[in-house]
Amino acid sequence: MKLPFHIVQMLKAKSGSDLRLPSDCEFLSLDIQSKTGVRIGATTLKRLVGFAQDERTPHTSTLDAIARYLGYAHWEELMKIEDAGNSGFDSPDEEVRSADLPVNACIEITYLPDRLVRMQYLGNQRYKIIDSQNSKLQTDDEVEIQIFVLHHPLLVLNVWRNGESLGQFTAGNVSGLSSIAVI
């Protein structure tokens, strides 16, 4: 199981780590343990933030420790508050969730300084890049994206180029996405 995008963003903010490398999960593990008294293994955290492909559901105690680390009493409270809209990610005008798109939908995103990427939805959170201007993503790359959020960095869970996995990619680190359009 991968944690929802906004929870990963909260973990990044709380820990002060951008969680760009699998080894960053070792630091996160130590930080969670120092603040909650509960040890969550780095391997478990790698799975939860998307570095490892594994759909096992974590133990409730693991999710509760993450919630406590983020300032909530337990996981259900965190999910209840997030589901109620306190996260700021629930505005339909500012986000596009892959789960809500039909197969073959096209998405266009822009981010600073002058990046433009168009992609076609393949289903299962996967997209094929059909146009890329001034971005490190290339035409015909396939990417895995859970959600697009305006004014927030885009977290690409995995990039495949010529059938080879290149790992995670983050676009718009400084200013976030300037625009998101379903075209």
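Structure: above.
Residues numbered from 1 in each chain as written. Predicted model: local features only at pLDDT ≥ 70, side-chain atom pairs only at ≥ 80, totals over all residues. Heavy atoms only, no water.

## Structural notes on the packing of helix α2 (residues 24-36) against helix α4 (residues 60-69)
Worth spelling out the cut-off: Fitted lines through C-alpha atoms give the axes, limited to the stretch in contact for helices. The angle between two N-to-C directions lies from 0 to 180 degrees. A run of H or I in DSSP counts as a helix once it spans at least four residues, and a run of E counts as a strand once it spans at least two, with each numbered from the N terminus. An angle below 35 degrees is read as roughly parallel, one above 145 as roughly antiparallel, one from 65 to 115 as roughly perpendicular, and any other as oblique. In what follows, a contact means two residues having at least one pair of non-hydrogen atoms within 4.5 Å. For this scheme, ten residues count as nonpolar: Ala, Val, Leu, Ile, Met, Phe, Trp, Tyr, Cys and Pro. Four count as charged, namely Asp, Glu, Lys and Arg, and the remainder, Gly too, count as polar.
Their axes nearest at 10 Å, the elements α2 and α4 cross at an angle of 75°. Accordingly, the angle class assigned to the pair α2 and α4 is roughly perpendicular. Contacts between α2 and α4 involve L28, D31, I32, K35 and T36 on the former and, on the latter, A65, R68 and Y69. The residue inventory of the contact of α2 with α4, partitioned by class, reads four nonpolar, one polar and three charged.

## Remarks on the pattern of salt bridges
To keep things clear, this is the line we draw: Just to be clear on terms, a salt bridge is a Lys or Arg side-chain nitrogen sitting within 4 Å of an Asp or Glu carboxyl oxygen.
Counted under the stated rule, the structure contains nine salt bridges. Between D114 and R115 there is a salt bridge whose closest N-O contact spans 3.2 Å. Each of E108, R118 and D131 takes part in one network of salt bridges that share partners.

## Some words on the nonpolar core
The condition that has to hold: Side-chain atoms within 4.5 Å link the members of a nonpolar core, which is a set of buried Ala, Val, Leu, Ile, Met, Phe, Trp, Tyr and Cys residues. Think of it in three bands: residues with accessible area under 20% of the maximum for their type are buried, residues over 50% are exposed, and the middle band is partly exposed, with areas taken using a 1.4 Å probe on protein chains only.
Counting 23 residues, the largest nonpolar core has L3, I7, L11, I66, L70, W75 and L78 as the members making the most contacts within it. Secondary structure elements with two or more residues in this core: α1 (5-15), α2, α3 (42-49), α4 and α5 (75-83). A per-element tally of this core places α4 first, with five residues. Beyond its immediate sequence surroundings of up to four residues, L3 is in contact with V8, L11, L48, L63, I66, W75 and Q146.

## Some remarks on the sheet that holds strand β9 (residues 177-182)
What counts here: By definition, two strands form a pair when at least two bridges between them are found by DSSP.
Taken together, seven strands build an open sheet; the order of strands is β8-β7-β5-β4-β3-β2-β9 and the sheet is antiparallel. Edge strands, defined here as strands with exactly one partner in the open sheet, are β8 (164-171) and β9. For this sheet, the mean inter-axis angle between neighbouring strands, taken without regard to orientation, is 30°. By the bridge criterion, six bridges tie strand β7 (residues 154-161) to β8 in an arrangement that is antiparallel. Counterpart to L154 in the pairing with β8 is A171.

## Topic: α2
Threshold: To estimate how far a helix should reach, multiply one less than its number of residues by 1.5 Å.
Over its 13 residues, α2 extends 18 Å from the first C-alpha to the last, a length consistent with the 18 Å expected when each residue adds 1.5 Å. Those residues of α2 not exposed but buried are D24, C25, L28, S29, D31 and I32. Those residues of α2 hidden inside the fold are in contact with α1, α3 and α4.

## Looking at the packing of aromatic side chains
In plain terms, the rule: Any two of the Phe, Tyr and Trp rings considered here, Trp counted by its six-membered ring, make a pair once their centres fall within 6.5 Å; the pair's planes then place it as stacked at under 30 degrees, edge-to-face at over 60, or tilted in between. We call a charge positioned above a ring when the Lys NZ or Arg CZ atom is no farther than 6 Å from the ring centre and deviates by at most 35 degrees from the ring normal.
In total, this model carries two aromatic pairs according to the counting rule given. For the ring pair Y121 and Y127, a centre distance of 4.8 Å and an interplane angle of 45° mean the geometry is tilted. Ring centres 5.5 Å apart and planes at 90° place the aromatic pair Y127 and F148 in the edge-to-face group. Of the two residues, Y127 is situated in strand β4 (residues 126-133) and F148 in strand β6 (residues 147-149); the sequence distance between them amounts to 21 residues. Given a relative accessible area of 0%, Y127 falls into the buried group. Given the relative accessible area of 0%, F148 is considered buried. Three or more aromatic residues joined by ring pairs form one cluster here, namely Y121, Y127 and F148. Over the face of the ring belonging to Y69 we find K14, whose NZ or CZ atom lies 5.7 Å from the ring centre. One Lys or Arg, R126, reaches over the ring of W160 and ends 3.7 Å from the middle of that ring.

## Regarding the side chain of E95
Where we set the bar: A 3.5 Å cut-off defines polar contacts: any pair of N or O atoms within that distance qualifies, except that in protein one atom must be a possible hydrogen donor and the other a possible acceptor, and neighbouring residues in sequence count only when both atoms are side-chain atoms.
By the element assignment, E95 lies in strand β1 (residues 95-97). Using a relative accessible area of 12% as the deciding quantity, one classes E95 as buried. Polar side-chain contacts of E95 include one of 2.9 Å to the side chain of R97.

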